[in-house]
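# Chains, contacts and geometry: an overview
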Amino acid sequence: MLSRIEELALITRCLAGDSREAFGRLVVAYEGGLRRFLLNLTLGDAALTDDLAQETFLKAYLAIRSFRGVARFKTWLYTIAYREFLTYRRGQHPDIDLDDAPPLMAPGDTHAVTAARLDVAQAMRALNDNERTVTLLFYLEDQPIDRIVKITGMPQGTVKSYLNRSRQKMAKYLEE
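Residues numbered from 1 in each chain as written. Predicted model: local features only at pLDDT ≥ 70, side-chain atom pairs only at ≥ 80, totals over all residues. Heavy atoms only, no water.

So, on to the overall build of the chain. A count of helical and extended segments in the chain gives eight helices and zero strands. Written out in order from the N terminus, the α and β elements of the chain read α-α-α-α-α-α-α-α. Within the span of the chain, comprising 176 residues, buried residues form 42% of the whole. Sequence separation of 24 or more characterises 63% of the internal contacts of the chain that already satisfy a separation of 6 or more. Summed over all atoms, the accessible surface of the chain reaches about 9600 Å², with 54% contributed by carbon and sulfur. (Helix = DSSP H or I, 4+ residues; strand = E, 2+ residues; numbered from the N terminus. Buried < 20%, exposed > 50% of the residue type's maximum accessible area, 1.4 Å probe, protein only. Contact = heavy atoms within 4.5 Å. Areas by Shrake-Rupley, 256 points an atom, 1.4 Å probe, with all protein chains shown as cover.)

And the structure:
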């Protein structure tokens, strides 16, 4: 991950000279986490993840001049990715078939999937999109609630409610 100063220097280079090289460094710095987030949102659909990630980076590149620097670049990028996911869900394919979805995994994961991991993956499928999104951002991406609020546009109380509901649903599922 880039320091705040490195991040701002690269963004400044993008703004000053339309530097593809500087934007490329931003992509390299944040691509892994963003793809992991999208892969888990799409319940393991690698092709859809690739499409959403590509669209996210393209939109970020085209809109870099609108980045104000109030939040971290990563927060801004995740906001774009989340909106791309929502647009996809509302548009062409509102329902992902949960029975055909592969287990949730990080890209490049080569270890055998344990029974516990499969249980957690199945429990994640029991959550609705909003619950899954805030759970992934909070636990997997280690985002604080205030950043989740910025990424999703949800009020803080709503984020906390979704986190609470997702914990309860997952606990209930895992007890069965």
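Moving on, we get to the packing of helix α1 (residues 4-17) against helix α2 (residues 20-41). Direction vectors running N to C along α1 and α2 enclose 140°, while the axes themselves pass 8 Å from each other. The chirality of how α1 crosses α2 is left-handed. Between α1 and α2, the residues in contact are Glu-7, Leu-10, Ile-11, Arg-13 and Cys-14 and Glu-21, Ala-22, Phe-23, Arg-25, Leu-26 and Tyr-30, respectively. The class makeup of the residues in the contact of α1 with α2 is seven nonpolar, no polar and four charged. (Axes fitted to C-alpha atoms, helices over the stretch in contact; angles between N-to-C directions. Left-handed = near helix turned anticlockwise from the far one by under 90°. Nonpolar A, V, L, I, M, F, W, Y, C, P; charged D, E, K, R; others polar.)

Now for unusual backbone geometry. You will see that Leu-43, though not glycine, has its phi angle at about 55°, which is positive. As for its position among the elements, Leu-43 is in the loop between α2 and α3 (46-62). Leu-43 gets classed as buried once you look at its relative accessible area, which sits at 1%. The backbone phi angle of Asp-142 is positive, close to 55°, even though this residue is not glycine. Looking at the secondary structure, you find Asp-142 in the loop between α6 (129-140) and α7 (145-152). For Asp-142, a relative accessible area of 63% translates into the label exposed.

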